[in-house]
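# Analysis of the macromolecular model
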Amino acid sequence: MEERAGTQASARMPVIWGKIPGRNKHFTGREELLTQLRDSMLTTAKAAVVPLPQALQGLGGVGKTQLAIEYAWQYRGFYDLVWWVPSDQPMLVPSTLAALTDELKLRPAGSIGIEEAAASVRDALQRGDPYDSWLLIFDNADEPEQIRDFLPEGGPGHILITSRNSRWSGVAETVPVDVFSTTESVAFLRKRLQRNVDEKEAEHLAHELGDLPLALEQAAALQVMTGMSTEDYVEQLSKQTRTLLGMGKSTEYPHSMTAAWQLSVHEIENRLPQAAEVLRCLAFFGPDPIPRDVFRRGNKSGARRMGPLLANPLLLTQAIAELSRFALVKVEQDAGTVQVHRLVQALLRDSLNEDQRKEIRHEVHQLLASAAPTDPEDTGQWQDFEALVTHVRPSGLMQCGDEEVQSFGINIVRYLYRAANYTSARAFALEFLDHWTSPSGPASRNVLQLRRHLGNVLWQMGAYKESYELNEATLDLMQSEFGPDHEETLRVALTYAANLRSQGRFREAFDQDTGSLAAHEREFGRDAPATMRVINNLALDHALLSEYESARELQQLAYLEQSGAKEGVSKWDVQMSWNGLARIVRLCGDHAQACDFGEEAYAYGRRELQLEHPLTLMTARDLSIARRRTGDITGALELIEETYARLSKLLGPDHPETMAAMVALSNTLRQAGRPDEALALAGNVLPRYRNAFGENHPFVYGCLINQALLYRLRGDVRQAEKLDREAYEGLNATVGADHEYTFDSAINLASDLAALGDSGGARELGEKTLAHVRQFFGETHLLSLSAAVNLSIDLRACGSTTAADTLYETTMRHYAEHLAADHPERIHATAGKRFDWDFDPVTL
């Protein structure tokens, strides 16, 4: 990035100017440090880091953040993008970066997840697309290991980090920030006091305060507000410091700093006691900006100490303004926030006894809960949730036993889940559970609700085993505490049925959802949105049992009701039922219709949920399979290659949705005449399925079917027969003999036997399989017709020509009656070729 010449550049505002704190009009000195920092930016490819020297023992107050703010303002004209990233809570850094997706024209976090959105922002900045002149400021980044993955290192822009941690020196050029020099201290005091302070007096005061910028700011503010002379202030400071030393109180920060702060607080107490009360309250929030709305909405929070102030907005405004004039808080009018330096917060908390700390901390919890929006599902409220989430952990809200406060904590988890910030949702939920379970027990209402939401988070993350174990225990507890027909019990029962499907226990999942449907109809009615969600799940259960016509009937009902609903149904619900109907139409054998309907479902997902939403990508995968079944191999391959790439980046290779796309891509590559690539993918995905679902899951056996088919195509028939037999026996033991997966494995196994020269064995298995398939699906089902074509070939190989001709002719009449002449399967049968079946998993 090249320097722009002249003052014109420094005066222009960047195209994107995000969350940069207001400029400090009292900023003084640091010219040499700013120049050094700028030179470091321009001469190194690393990030320029502003650490606190070891000698200060990791304390704040030397002005690292103020220096970063001044750098951003002074050099803003040289950047097109400047973005502020609060980094004292590393787990929240991704959401701050993800907020740049709209500005950079990237996929929103709501469609791809917070982690992926943050990574896409990082990658775009590294590429310099669309801006190559950018500045990211990571403030208070004290955990290098947890932040580094989010740094767009090697990009054309600049990274500025403020930190108390010296470990950044290993990855960045460091620019040490010390306390003021004596000259800077004197210049600062003269500018801040707006008078020509005697140099000796100023030097004396600076010396007493250790040239610490934060302490000097508060000392000057108090003198301005009270008219106290510098000499008098130094005298008062000395008395206060001697008192502290006489108390023998241990402190990790300079006694002079504590004394300066106490002088300011004492003056505030005398002038406006309510302002001191506000300051004590602010000390128990996090160090990030606090929305003023917390106090505006908190007048009914039940806070005892702050209650009178909250009920008097004029006095509250006066109190905050007074604190600002004394430099004890920073007010950002445009942002509607108030902020207290972390060192001042620590001093305030340290000045209180334990009972006072406990009382005020609880009032902060009440204020946060009362200020929070009520519906985490409403995307319009997410910005308000985002402003509050940074104060949850610093305020100690996890430890609060108040039911309303805990309800707010649950909504924080729900917000993070809906915003696709699954990692943070899981972390918060686990911390809440850890603190709530011991005092209230595992069966309290809030604990059980939180367990349910955690189960959903784990499911969405693809942690199927963890989700199953948690939901199974939660369902038992809810049935015992709430009863089987309670709304919370019924909600967790739906997720538990999904857990059973992930275990391969399809019949048990069907029984679970059947019971849930009856309960929902009793409690909510047949047409209620909640009931339709059960019906949607029950349709999937039928499909997994190969009961396709029943599944189609239920899925169509769910789609009609959900797509036409005016309330109580989300876009997620519509997408699920729309794609579900397209899928079941395909499984019923109506491939062209499945393509047409699937195209509409895919268009809806791209339009309403964005292209890279997991549900849209699930729809794309199913559509690619439908295209493949109609013979559009080119279109299928193009779509599934794109979908697999997006899922790999979005969810990672071990997520079930990515694995399912890998299976679909392997099958498509095989039909596109690229068997070696297909076999490599099939070999890659099989151990992933075993790890995610267990050795004996039906989907694992389905993957064996695909792998066996590829081995036979490359001439290794013995290996194919071995894998197909393992799949056939495993599927008989898990889903039973009357299931499409079992039929597929039997048809392919018979082909293996035929290829090995065992025509008798192939005929015997083929006759058995055809009888079962016809009995289950009917004589004209595509699977029945394919089994008949294969058996006719084996009959002819065994010398039963008449029987073979009769079976083949009957089968071809059925093809002619039910399929067009250009249908791929009719063409295949007309050529007298053997049919092979592959496996594609469904979303559970």
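Here's what I pulled together on the structure shown here. Note that the structure is a prediction, hence the values are computed from the model and not measured. (Residues numbered from 1 in each chain as written. Predicted model: local features only at pLDDT ≥ 70, side-chain atom pairs only at ≥ 80, totals over all residues. Heavy atoms only, no water.)

## Focus on the overall build of the protein chain
Each helix and strand in the protein chain was counted, giving 40 helices and 9 strands. In terms of overall dimensions, the protein chain has C-alpha extents of about 120 × 60 × 45 Å along its principal axes. Within the span of the protein chain, comprising 844 residues, buried residues form 58% of the whole. Long-range contacts, defined here as pairs at least 24 residues apart, represent 68% of the contacts in the protein chain between residues at least 6 apart. With an accessible surface of roughly 34000 Å², the protein chain has 47% of that area assigned to carbon and sulfur atoms. (Helix = DSSP H or I, 4+ residues; strand = E, 2+ residues; numbered from the N terminus. Buried < 20%, exposed > 50% of the residue type's maximum accessible area, 1.4 Å probe, protein only. Contact = heavy atoms within 4.5 Å. Areas by Shrake-Rupley, 256 points an atom, 1.4 Å probe, with all protein chains shown as cover.)

## Section: the sheet that holds strand β9 (residues 337-339)
Taken in spatial order, the 3 strands of this open sheet run β7-β9-β8, and their pairing is antiparallel. In this open sheet, the two edge strands, each paired with only one partner strand, are β7 (290-291) and β8 (330-332). (Pairing = 2+ DSSP bridges.)

## Things to note about the side chain of serine 546
Take serine 546: it is sitting in the loop between α26 (529-544) and α27 (548-563). Of the residues examined, serine 546 reaches a relative accessible area of 2% and is grouped as buried. Within polar-contact distance, the side chain of serine 546 engages the backbone nitrogen of glutamate 740 at 2.9 Å. With sequence-adjacent residues up to four places away left out, serine 546 is seen in contact with His739, Glu740, Phe776 and Phe777. (Polar contact = N/O pair within 3.5 Å; in protein donor to acceptor, adjacent residues only side chain to side chain.)

## Here we look at the nonpolar core
Membership of the largest hydrophobic core comes to 103 residues, with the highest contact counts inside it found for Phe295 and Phe428. Phenylalanine 295 has contacts with Cys281, Leu282, Phe285, Ile290, Met306, Leu310, Leu316, Val338 and Leu367, leaving out every residue within four places of it along the chain. (Core = buried A, V, L, I, M, F, W, Y, C linked by side-chain atoms within 4.5 Å.)

## Notes on helix α20 (residues 403-418)
In a regular helix each residue adds 1.5 Å, so 16 residues correspond to 22 Å; α20 covers 22 Å between its end C-alpha atoms and thus fits that length. When α20 is considered as a whole, its buried residues turn out to be Val405, Gln406, Phe408, Gly409, Ile410, Asn411, Ile412, Val413, Tyr415, Leu416 and Tyr417. Residues of α20 that are buried make contact with α18 (354-371), α19 (382-389), α21 (422-440), α22 (445-460) and α28 (571-587). Among the residues of α20, the N-terminal cap falls to aspartate 402, whose side-chain oxygen and the backbone nitrogen of glutamate 404 are separated by 2.9 Å. Alanine 420 sits one or two residues past α20 and shows a positive phi near 70°. (Expected span 1.5 Å × (residues − 1).)

## Examining the state of the cysteines
Enumeration over the complete set of coordinates arrives at 0 disulfides. Free cysteine cysteine 281: the closest other cysteine sulfur is in cysteine 400, separated by 14 Å. (Disulfide = S-S within 2.5 Å.)

## Things to note about α22
For α22, with 16 residues, the first-to-last C-alpha span of 23 Å sits near the 22 Å given by 1.5 Å per residue. Counting buried positions along α22 yields 14 of 16 residues, so the element is predominantly enclosed. After α22 finishes, the residue glycine 462 shows a positive phi value of roughly 85°.

## Points about the environment of proline 213
With respect to the helices and strands, the residue proline 213 is situated in helix α10 (residues 213-226). According to the relative accessible area criterion, proline 213 is buried, its value standing at 11%. Taking C-alpha positions, proline 213 is 6.7 Å from valine 179, a pair spaced 34 residues apart along the chain.

## Digging into the packing of helix α38 (residues 782-797) against helix α39 (residues 801-818)
For any two helices packed against each other, the geometry comes down to the angle between their axes and how far apart the axes lie. Contact geometry for α38 and α39: axes closest at 8 Å, N-to-C directions at 155°. By the criterion of interaxial angle, the relationship of α38 to α39 is roughly antiparallel. Crossing of α38 over α39 shows left-handed handedness. Across the interface between the two elements, Leu782, Leu785, Ser786, Ala788, Val789, Leu791, Ser792, Leu795 and Arg796 of α38 pack against Ala803, Ala804, Asp805, Leu807, Tyr808, Thr811, His814 and Tyr815 of α39. Class assignment for the residues of the contact of α38 with α39 results in 11 nonpolar, 4 polar and 2 charged. (Axes fitted to C-alpha atoms, helices over the stretch in contact; angles between N-to-C directions. Parallel < 35°, antiparallel > 145°, perpendicular 65-115°, else oblique. Left-handed = near helix turned anticlockwise from the far one by under 90°. Nonpolar A, V, L, I, M, F, W, Y, C, P; charged D, E, K, R; others polar.)

Without other data, these values stay purely geometric and don't point to any function.
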